[in-house]
Amino acid sequence: MEWSYGSVSGAGTPDPEQLRAWQRRMSAPDNEVPAAVPISLLLGRTDDLAVALSGARVYSTGLSLDVAVRLRRSPSRVDGMGLHQAVLGFPGEQADGRLLLGVEYADGRTATNVGAGAWPPGSDNDEPVLVPGGGGGGGRRYDHALWLSPLPGPGPLALLCAWPERGLPETRTVVDGDLLLVAARDVVVLWPDEPESDEPLARPGPDLPSTGWFGRAVRREH
């Protein structure tokens, strides 16, 4: 998910290097193939609601955490919010009615999904950020990703969850941070990190394969 510095309270106009540094903090690197961690944890549940961690992808600069929300019955609006807004939200928004998620590193540093983003970059560079990424769903199901940066160090990583408006009390689930560091060794850096080019992308015409599996499949479809 792309972030705009204007969405952070009190943000000034950054220079290109500041903006690039901030983007590296607030989203996964686009020059890396992450290492998947097979993890599935129930973070909290009631008779009518469940919130789970359904997977994690490790990058050199942080974690992408997959959060799954399931409702037993079709949701009503929560304090004027639909399920999408109540689950996803954005940093700096009011927490009333929201699904609350947070992390606590082994050294005591914390971050929540309702805190402000780290701006300007260069200040609080060691403070964790936990920001929403892509997601989707509808009705009684919603899945979305959270970006956590920086990568946690060794020791326990605590995941906190609560949804007071839905009757879900605060819970605490602990993940072994050492497992994440081991997975980080398998991250593949494809090429050096570079700023995006301002040149427009060329849009060549379709060049369909004439041989191989796709060549045969395309011919059958037409």
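Note that the structure is predicted; figures quoted are calculated from it, not measured.

Chemist: I keep staring at the layout of surface pockets and nothing clicks. Help me out?
Modeler: Leftover empty space is mapped by rolling, across the atoms, a probe with the size of a water molecule. For the largest pocket, the calculated volume is near 560 Å³. Surrounding the largest pocket, 31 residues form its lining, Gln23, Ser27, Ala28, Pro29 and Asp30 being those nearest its centre. The element that contributes the greatest number of residues to the lining of the largest pocket is helix α1 (residues 16–26), accounting for six residues. In the lining of the largest pocket, the residues fall into 15 nonpolar, eight polar and eight charged.

Chemist: Honestly, helix α3 (residues 177–184) in this entry has me stumped. Any pointers?
Modeler: For the α-helix, the turn length of 3.6 residues means that residues three or four positions removed from each other point alike. Listed in full, the buried residues belonging to α3 are Gly177, Leu180 and Ala183. Summarising the axial view, the buried residues of α3 lie within an arc of 115°, below the 170-degree limit, and thus occupy one face. Two or three places before Asp178, at the start of α3, stands the capping residue Asp176, its side-chain oxygen 3.0 Å from that residue's backbone nitrogen.

Chemist: Could you clarify how one ought to interpret a nonpolar patch on the surface in this entry?
Modeler: A cluster of nonpolar side chains, Val33, Val188, Leu190 and Trp191, forms an exposed patch at the surface whose accessible area comes to about 370 Å². As for its placement among the helices and strands, Trp191 is situated in the loop between β12 (188–189) and α4 (212–221).

Chemist: Explain the pairing of strand β4 (residues 49–58) here, please?
Modeler: Burial of β4 is extensive: seven of the 10 residues sit out of reach of the surface. Alignment of strand β2 (residues 35–37) against β4, held across three bridges, turns out to be antiparallel. Bridging from a neighbouring strand, Ala35 pairs with Val58 of β4. As defined by bridge partners, strand β3 (residues 41–45) adjoins β4 across four bridges and the pair is classed as antiparallel. Counted as the bridge partner of Leu41 is Leu53 from β4. Hairpin connection from β3 to β4: three residues lie between these consecutive antiparallel strands. Bridge analysis of β4 against strand β5 (residues 63–71) gives nine bridges, and the strand direction is antiparallel. Bridge assignment links Ala56 to a residue of β5, and that residue is Leu65. Between β4 and β5, which pair antiparallel in sequence order, lie four residues.

Parameters at a glance
As a convention, each chain's residues are numbered from 1 in the sequence order in which they are written. Local features in this predicted model are restricted to residues whose pLDDT is 70 or higher, and side-chain atom pairs enter the listing and the counts only when it is 80 or higher, whereas totals over whole chains, interfaces and linings include all residues. Only heavy atoms go into the side-chain values, all of them from the structure, while hydrogens and water stay out. Space inside and on the surface of the protein is sampled on a 1 Å grid over the protein atoms alone, with a cavity defined as a set of points where a 1.4 Å probe fits but cannot get out and a pocket as an open set with protein on both sides within 12 Å along at least 5 of 7 lines; lining residues have an atom within 4 Å of a point. Grid points are joined across faces, edges and corners, and a volume is the space filled by probe spheres set on the points. For the purposes of this entry, the term helix denotes a DSSP run of H or I that reaches at least four residues, the term strand denotes a run of E that reaches at least two, and both are numbered from the N terminus. Put simply, Ala, Val, Leu, Ile, Met, Phe, Trp, Tyr, Cys and Pro go in the nonpolar bin, Asp, Glu, Lys and Arg in the charged bin, and everything else, Gly too, in the polar bin. Type-normalised accessible area, obtained with a 1.4 Å probe on protein chains alone, sets the label of each residue: buried when under 20%, exposed when over 50%, and partly exposed for intermediate values. The arc refers to the directions leading from the helix axis to the C-beta atoms. Any pair of nitrogen or oxygen atoms within 3.5 Å is treated as a polar contact; in protein, a donor-acceptor pairing is required on top of that, and neighbouring residues in sequence qualify only through side-chain atoms on both sides. Each patch is built from salt-bridge-free residues with over 30% relative accessible area, joining like charges within 9 Å and nonpolar side chains (Val, Leu, Ile, Met, Phe, Trp, Tyr) within 5 Å. Only the protein chains shown count as cover for residues, and the accessible areas themselves come from Shrake-Rupley with a 1.4 Å probe. Salt bridges are defined as contacts in which a side-chain nitrogen from Lys or Arg sits within 4 Å of a carboxyl oxygen from Asp or Glu. Pairing between strands is defined by DSSP: at least two bridges between them are needed.

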